[in-house]
Amino acid sequence: MKRRYAQFNPKRKLLSPAEAEVRMAEFQALGCRARYGGNPEHKKNPGDFGLVPPSDPRQGKSLCDVARIFKRDEAEELLRAGLRKGLVSDRMVGEWPKNIWAVTDHGFAMEAQLENPCLGIYHGYPMPETDPLALEVIHRWGRLDG
């Protein structure tokens, strides 16, 4: 898959494990309110996402279909799991982390980006295997599971 940019955004950083632990109660509370909105540019098969206008993947965008995510509740559960594990950005927009990361049951590192800071709505996409942050997300996810 062709990347849109020559390099990955260097501003993206996971919150340190120590800071995530300190803020865990905050992230648990946000997890109850976080929602997944979706983005038609990341869907070839819109499943039950109810996206309007109709699904229209753009070349160069990573597709959720590759990661086998076809239902909104699956995407929303991954989003909430990332919050519960503290796999969030060190940058905040109001009370919400700019990004949340998770790993699917099939081993795909996923990145969610805040799209509505008033309502806590995110859209997400699979991270390219060539993104160094994807390896860090997978490693940290595995450490938190075991």
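Residues numbered from 1 in each chain as written. Predicted model: local features only at pLDDT ≥ 70, side-chain atom pairs only at ≥ 80, totals over all residues. Heavy atoms only, no water.

1. Section: the overall build of the chain
Consideration 1: Tallying secondary structure elements over the chain gives four helices and six strands in all.
Consideration 2: The helix and strand sequence of the chain, counted from the amino end, reads α-α-β-α-β-β-β-β-β-α.
Consideration 3: A total of 146 residues make up the chain; the buried ones form 45% of that total.
Consideration 4: Within the chain, residue pairs in contact and separated by at least 24 positions form 55% of the contacts whose partners lie at least 6 positions apart. (Helix = DSSP H or I, 4+ residues; strand = E, 2+ residues; numbered from the N terminus. Buried < 20%, exposed > 50% of the residue type's maximum accessible area, 1.4 Å probe, protein only. Contact = heavy atoms within 4.5 Å.)

2. Some words on the pairing of strand E5 (residues 109-116)
Consideration 1: Pairing of strand E4 (residues 99-103) with E5 involves five bridges; the strand directions are antiparallel. Residue pairing across strands places Val103 opposite Ala109, the latter belonging to E5.
Consideration 2: Where E4 hands over to E5, the hairpin turn is made up of five residues, of which Gly107 adopts a positive phi near 85 degrees.
Consideration 3: The sheet contact formed by E5 and strand E6 (residues 121-126) spans six bridges and is antiparallel. Within the sheet, the bridge partner assigned to Ala112 lies in E6 and is Gly124. (Pairing = 2+ DSSP bridges.)

3. Structural notes on the pattern of salt bridges
Consideration 1: Scanning the model with the defined rule gives eight salt bridges in all.
Consideration 2: Between Asp131 and Arg12 there is a salt bridge whose closest N-O contact spans 2.8 Å. Of this pair, Asp131 sits in the loop between E6 and helix H4 (132-145) while Arg12 is found in the segment before helix H1 (17-22), placing the two residues 119 residues apart along the sequence.
Consideration 3: For the salt bridge of Glu19 with Arg23, the shortest nitrogen-to-oxygen distance reads 4.0 Å.
Consideration 4: A single salt-bridge network, built from bridges that share partners, covers Arg12, Glu111 and Asp131. (Salt bridge = Lys/Arg side-chain N within 4 Å of Asp/Glu carboxyl O.)

4. Considerations on the sheet that holds E4
Consideration 1: Spatially, E1-E6-E5-E4 is the arrangement adopted by the four strands of the open sheet, whose pairing is mixed. Every other strand in the sheet has two partners, leaving strand E1 (35-36) and E4 as the edge strands with one partner each.

5. Quick notes on the packing of helix H2 (residues 24-33) against helix H3 (residues 72-84)
How two helices sit against one another is set out by the angle between their axes and by the gap between those axes.
Consideration 1: Running from N to C, H2 and H3 cross one another at 165 degrees; their axes reach a closest spacing of 8 Å. Relative to H3, H2 is oriented roughly antiparallel. Both H2 and H3 take part in a crossing whose hand is left-handed. Residues Met24, Phe27, Gln28, Leu30, Gly31 and Cys32 of H2 touch H3, and the partners they reach there are Arg80, Leu83 and Arg84.
Consideration 2: Of the residues assigned to the contact of H2 with H3, the class counts are five nonpolar, two polar and two charged. (Axes fitted to C-alpha atoms, helices over the stretch in contact; angles between N-to-C directions. Parallel < 35°, antiparallel > 145°, perpendicular 65-115°, else oblique. Left-handed = near helix turned anticlockwise from the far one by under 90°. Nonpolar A, V, L, I, M, F, W, Y, C, P; charged D, E, K, R; others polar.)

6. So, the packing of aromatic side chains
Consideration 1: Taken as a whole and judged by the stated rule, the model has one aromatic pair.
Consideration 2: Relative to Tyr122, the ring of Trp96 lies with its centre 6.3 Å away and its plane at 75 degrees, an arrangement referred to as edge-to-face. Taken together, the residues Trp96 in strand E3 (residues 96-97) and Tyr122 in strand E6 connect sequence positions 26 residues apart. The pair Trp96 / Tyr122 is uniform in exposure class, with both members buried.
Consideration 3: Taking NZ or CZ as reference, Lys85 lies 4.1 Å from the ring centre of Trp141, over its face. (Phe/Tyr/Trp six-rings, centres within 6.5 Å; stacked < 30°, edge-to-face > 60°. Lys NZ or Arg CZ within 6 Å of the ring centre and 35° of its normal.)

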